[in-house]
Amino acid sequence: MEEDEQLASLMRGLRGQNLRDDQFADKDVTMRLVEVTNTEGLPLVYSPEIISAYWGKRPGAVATRAVQLLSVAGGFISHIISDLITDKIKENEVTRAIELREIVTSLGPAYIKLGQALSIRPDILSPAAMTELQKLCDKVPSFPDDIAMALLEEELGRPWQDIYSELSPSPIAAASLGQVYKGRLKDTGELVAVKVQRPFVLETVTIDLFIIRNLGLVLKRFPQVALDVVGLVDEWAARFFEELDYVNEGENGTRFAEMMREDLPQVVVPKTYPEYTSRKVLTTGWVDGEKLSQSTEDDVGSLVNVGVICYLKQLLDTGFFHADPHPGNMIRTPDGKLCILDFGLVTKLTDDQKYGMIEAIAHLIHRDYDAIVKDFVKLGFIPEGVNLDPILPVLAKVFDQALEGGGAKNINFQELAADLAQITFDYPFKIPPYFALIIRAIGVLEGIALVGDPEFAIVDEAYPYIAQRLLTDESPRLRSALRYTIYGKTGVFDAERFIDVMQAFENFISAAKSGGGEDMKGNMAELGAIGFQPSTSLVPAFPMAISQPENPIKARAALSFLLSDRGDFFREFILDEIVKAIDAVSREQLLQIASSFGVRNPVPVFGMVPVRSGALLPTITEEDRIILNNVEKVAKFLTAGTANQTVNGDVNVVSLVQELLPVLPSITSKILPDVLSRLSSRVFARVIRESFL
């Protein structure tokens, strides 16, 4: 029971269910800052050496800050020591977590941000501590407006009245690093949000890092302390310094907007005005709207789908991940778009991480657990060098349970994440920080969607994007993953899997068109709307002789994609099967097929090689029938189920061909020459082989 409670608490923490998005501070909150007049010598990019050199020359200031910290946190530290002595760490962890949350805000921005960063680290904190730290509100009392206006003038080099025709008399929100005013640009009249950094943040942050890091160096001397405090601080501080630079934040937002503009125009980001932005001042366009989590509009479900695609695109495509997925950072605009705010922190994923996740999904589809365990090592879930034998059966059981409900696309992501989190308690298995952010982003979106749709399943929405990535990415690793998805370990074409991927792709097209209205369709939505030019001939030797049906078949998105230039690689799979199928049918069917293509005297085509007819037209085997049935399934799917049913178990190949070709005249010019070329090579090779038997 206790383990179940731990797991539930851990998942609440990972999913961000305790996050707060208040705009202002709790009552009676104070924040202690370090005021230094001379900051020359402090680094603008994280450097522990420079920080140490600066504060090492100011022992008085360090001692004052240390006393200040001890006065606030001394009671907490003494309680921890007491718990260690009395062996009550486990018993009192919830109480200590609450104490920690209550004192962190008053310690200043470094501790607030560090606490928030640790709140998604199950490899460092207990579930109870994670839960409490997520209740941290990064909102503190605002600093005086006259100081903010003076800093505006200092940073931008002129009186603020020369830039803004108006600014709100007081901030509309205040956080540990800065506060935001609503204003209007004097030149254009555009409404803007103006964020001004709090005074003495750099000084306070660096002195706190100096103290924490030196404490970590002391703790390194004690082997019983497993946590690498120095490594943790260095990893976190480098990213935190990026958040202190508002120029960097503005550039992140601009880069993110550009990445989304062509593919997902339904996703918008406030425009950055670089001419009115500096390290301590950020001017962006003002966005009207309401939090997506609080909206009651009918299109919230569609916007959640757009949000899923947006975060998956960051995760599996751009590798530029918004590192603060939070209900308060997702806005529904009045015109039905999804606006994402706050790009102070972003996570950059490597190609190995992006491709590794897709490869793991391909392995999961075929239950190749040996490969999945190796994928998890590459992705950072399992440390290098760990014996994988004890973990393999545990992961196999977890994934078998997850796949019971109907395959990979029907996996309950949160249940799977919970099962994986459970493993962290008993095995050398951890949730990497970047994956914790993924769980949180998905948890936030899922939480919003479930309010309006209790049946919402995040994997149902995610699988179509993954299918699209497999189908359209030209990298060798994803091409290999796509082939593995269709053929598996056995190397045998799986028609059901082929259709499954194509159906998911069509679902993706529909989702990519949602949100923002009909005029908001990006490149992703257009993947399934490829146009074709009519063709009156196939190849010079075979004039087209098929009459068009009275009611032409409407091409579905899957077929349109297969016939497009971007579908070349995937088209290879079905062409191979078509060639095998044609080679497997009887001589009579071959003649009928040739006739349906307009070849009026087909005998010479198949009589050019003087060999036994049995070699050219062998008896259909069980393997041949499987191939024929595969082609029939695919053909029926591509023609929206219009192909004739088989009679007495036999495949009506002629009907299939005649149904498939009229879909679009250009099918024949795209496919037939390649089919004939492959078929002739295959038949010739078999004829030569049979001749020597």
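The notes below deal with the structure included here. As the structure is a computational prediction, the values presented were derived from the model and not from experiment. (Residues numbered from 1 in each chain as written. Predicted model: local features only at pLDDT ≥ 70, side-chain atom pairs only at ≥ 80, totals over all residues. Heavy atoms only, no water.)

## A short note on the sheet that holds strand E7 (residues 290-291)
Argument step 1. Read across the sheet, 4 strands follow the order E5-E10-E9-E7 without closing on themselves; strand pairing throughout is mixed. One side of each edge strand has no neighbouring strand; the edge strands of this open sheet are strand E5 (267-268) and E7.
Argument step 2. Direction of pairing for strand E9 (residues 330-332) relative to strand E10 (residues 338-340): antiparallel, over a ladder of 3 bridges. Looking at the pairing, Met330 lines up with Ile340 of E10.
Argument step 3. The strands that helix H11 (residues 300-318) touches are E5, E9 and E10; relative to E10, the one it contacts most, it runs at about 45°. (Pairing = 2+ DSSP bridges. Helix = DSSP H or I, 4+ residues; strand = E, 2+ residues; numbered from the N terminus. Contact = heavy atoms within 4.5 Å. Axes fitted to C-alpha atoms, helices over the stretch in contact; angles between N-to-C directions.)

## Considering the pattern of salt bridges
Argument step 1. Per the stated rule, a full pass over the model turns up 19 salt bridges.
Argument step 2. Of the charged contacts in the structure, one is a salt bridge between Arg332 and Asp299, with a shortest N-O distance of 2.8 Å. Taken together, the residues span a long stretch of sequence, with Arg332 in strand E9 and Asp299 in the loop between E7 and H11 at a distance of 33 residues.
Argument step 3. Linked by salt bridges that have partners in common, Asp263, Lys313, Asp317, Arg469 and Asp473 make up one network. (Salt bridge = Lys/Arg side-chain N within 4 Å of Asp/Glu carboxyl O.)

## Things to note about the packing of aromatic side chains
Argument step 1. Following the criterion strictly, the structure yields 16 aromatic pairs and no others.
Argument step 2. Pairing Tyr46 with Phe241 gives two aromatic rings, centres 5.6 Å apart and planes at 55°, and the pair type is tilted. On the criterion of sequence distance, the pair formed by Tyr46 in the loop between helix H1 (2-15) and helix H2 (48-56) and Phe241 in helix H9 (residues 229-244) is long-range, its members being 195 residues apart.
Argument step 3. For Tyr46, a relative accessible area of 14% puts it in the buried group.
Argument step 4. Note on Phe241: relative accessible area 3%, which makes it buried.
Argument step 5. Each ring, one from Phe376 and one from Phe381, has its centre 4.7 Å from the other, and the planes form 25°; the classification is stacked.
Argument step 6. With relative accessibility at 7%, the residue Phe376 sits in the buried group.
Argument step 7. Ring pairing ties together the aromatic residues Tyr369, Phe376, Phe381, Phe399, Phe429 and Phe435, which thus form one cluster.
Argument step 8. The cationic tip of Arg58 hangs over the ring face of Tyr54; the distance from NZ or CZ to the ring centre is 3.7 Å.
Argument step 9. Between the NZ or CZ atom of Lys195 and the centre of the ring of Tyr246, over which it lies, the distance is 5.0 Å. (Phe/Tyr/Trp six-rings, centres within 6.5 Å; stacked < 30°, edge-to-face > 60°. Buried < 20%, exposed > 50% of the residue type's maximum accessible area, 1.4 Å probe, protein only. Lys NZ or Arg CZ within 6 Å of the ring centre and 35° of its normal.)

## Examining the pairing of strand E6 (residues 281-285)
Argument step 1. The buried count for E6 comes to 5 of 5 residues, which makes it a mostly enclosed element.
Argument step 2. Sheet topology note: the strand E4 (residues 191-197)/E6 ladder contains 5 bridges and is antiparallel. In the sheet register, Ala193 faces E6, and the bridge partner there is Thr284.

## Remarks on the packing of helix H3 (residues 59-86) against helix H4 (residues 93-107)
Argument step 1. Here H3 crosses H4 at 175°, and the two axes come no closer than 11 Å. As summarised for this structure, H3 and H4 are arranged roughly antiparallel, according to the angle between their axes. For the pair H3 and H4, contact is made by Arg65, Leu69, Val72, Ala73, Phe76, His79, Ile80 and Asp83 and by Arg96, Glu99, Leu100, Ile103, Ser106 and Leu107, respectively.
Argument step 2. Across the contact of H3 with H4, the residue classes break down as 8 nonpolar, 2 polar and 4 charged. (Parallel < 35°, antiparallel > 145°, perpendicular 65-115°, else oblique. Nonpolar A, V, L, I, M, F, W, Y, C, P; charged D, E, K, R; others polar.)

## Some remarks on helix H19 (residues 495-512)
Argument step 1. Its 18 residues place the ends of H19 26 Å apart at the C-alpha level, agreeing with the 26 Å of an ideal helix rising 1.5 Å per residue.
Argument step 2. For H19, a buried count of 13 out of 18 residues is recorded, marking the element as mostly surrounded by other parts of the structure.
Argument step 3. Where H19 begins, the side chain of Asp494 points an oxygen toward the backbone nitrogen of Glu496, at a separation of 3.0 Å. (Expected span 1.5 Å × (residues − 1). Polar contact = N/O pair within 3.5 Å; in protein donor to acceptor, adjacent residues only side chain to side chain.)

## Re the environment of Thr347
Argument step 1. Within the secondary structure layout, Thr347 lies in strand E11 (residues 346-348).
Argument step 2. Residue classification places Thr347 among the buried residues on the basis of a relative accessible area of 13%.
Argument step 3. For Thr347 and His322, which are 25 residues apart along the polypeptide, the C-alpha to C-alpha distance reads 6.5 Å.
Argument step 4. With sequence-adjacent residues up to four places away left out, Thr347 is seen in contact with Arg239, Gly319, Phe320, Phe321, Ala323, Tyr434 and Leu437.
Argument step 5. Within the structure, the side chain of Thr347 is placed 3.2 Å from the side chain of Arg239, a separation counted as a polar contact.

## A closer look at the side chain of Asp208
Argument step 1. In this structure, Asp208 sits in helix H8 (residues 201-219).
Argument step 2. By relative accessible area, which is 0% here, Asp208 ends up buried.
Argument step 3. Here Asp208 is in contact with Arg65, Leu69, Leu107, Ala110 and Tyr111, once residues within four sequence places are set aside.

## Points about the nonpolar core
Argument step 1. Phe376, Phe498, Met502 and Phe570 are the most contacted members of the largest nonpolar core, which has 112 residues in total.
Argument step 2. Here this core takes 12 residues from helix H16 (residues 433-452), the largest share from any one element.
Argument step 3. Each residue touching Phe570, except ones within four places of it in the same chain, is listed here: Leu471, Leu482, Ile486, Phe498, Val501, Met502 and Leu562.
Argument step 4. Ranked by size, the runner-up nonpolar core spans 43 residues in total, among them Val34, Val229, Trp236 and Leu282. (Core = buried A, V, L, I, M, F, W, Y, C linked by side-chain atoms within 4.5 Å.)

## A closer look at the packing of helix H12 (residues 351-365) against helix H17 (residues 458-472)
Argument step 1. Relative to each other, H12 and H17 sit at 110°, their axes nearing to 11 Å. Considering their axes alone, H12 and H17 lie roughly perpendicular with respect to each other. Between H12, through Tyr355, Ile358, Ile361 and Ile365, and H17, the contact on the second element is made entirely by Tyr463, Ile466, Arg469 and Leu470.
Argument step 2. Here the contact of H12 with H17 is built from residues that sort into 7 nonpolar, no polar and 1 charged.

## Some remarks on a nonpolar patch on the surface
Argument step 1. Residues Leu70, Ile77, Ile81 and Ile85 make up a contiguous nonpolar surface patch of roughly 400 Å² in combined accessible area.
Argument step 2. Mapping Leu70 onto the fold places it in helix H3. (Patch = residues over 30% accessible without salt bridge, like charges linked within 9 Å, V, L, I, M, F, W, Y side chains within 5 Å. Areas by Shrake-Rupley, 256 points an atom, 1.4 Å probe, with all protein chains shown as cover.)

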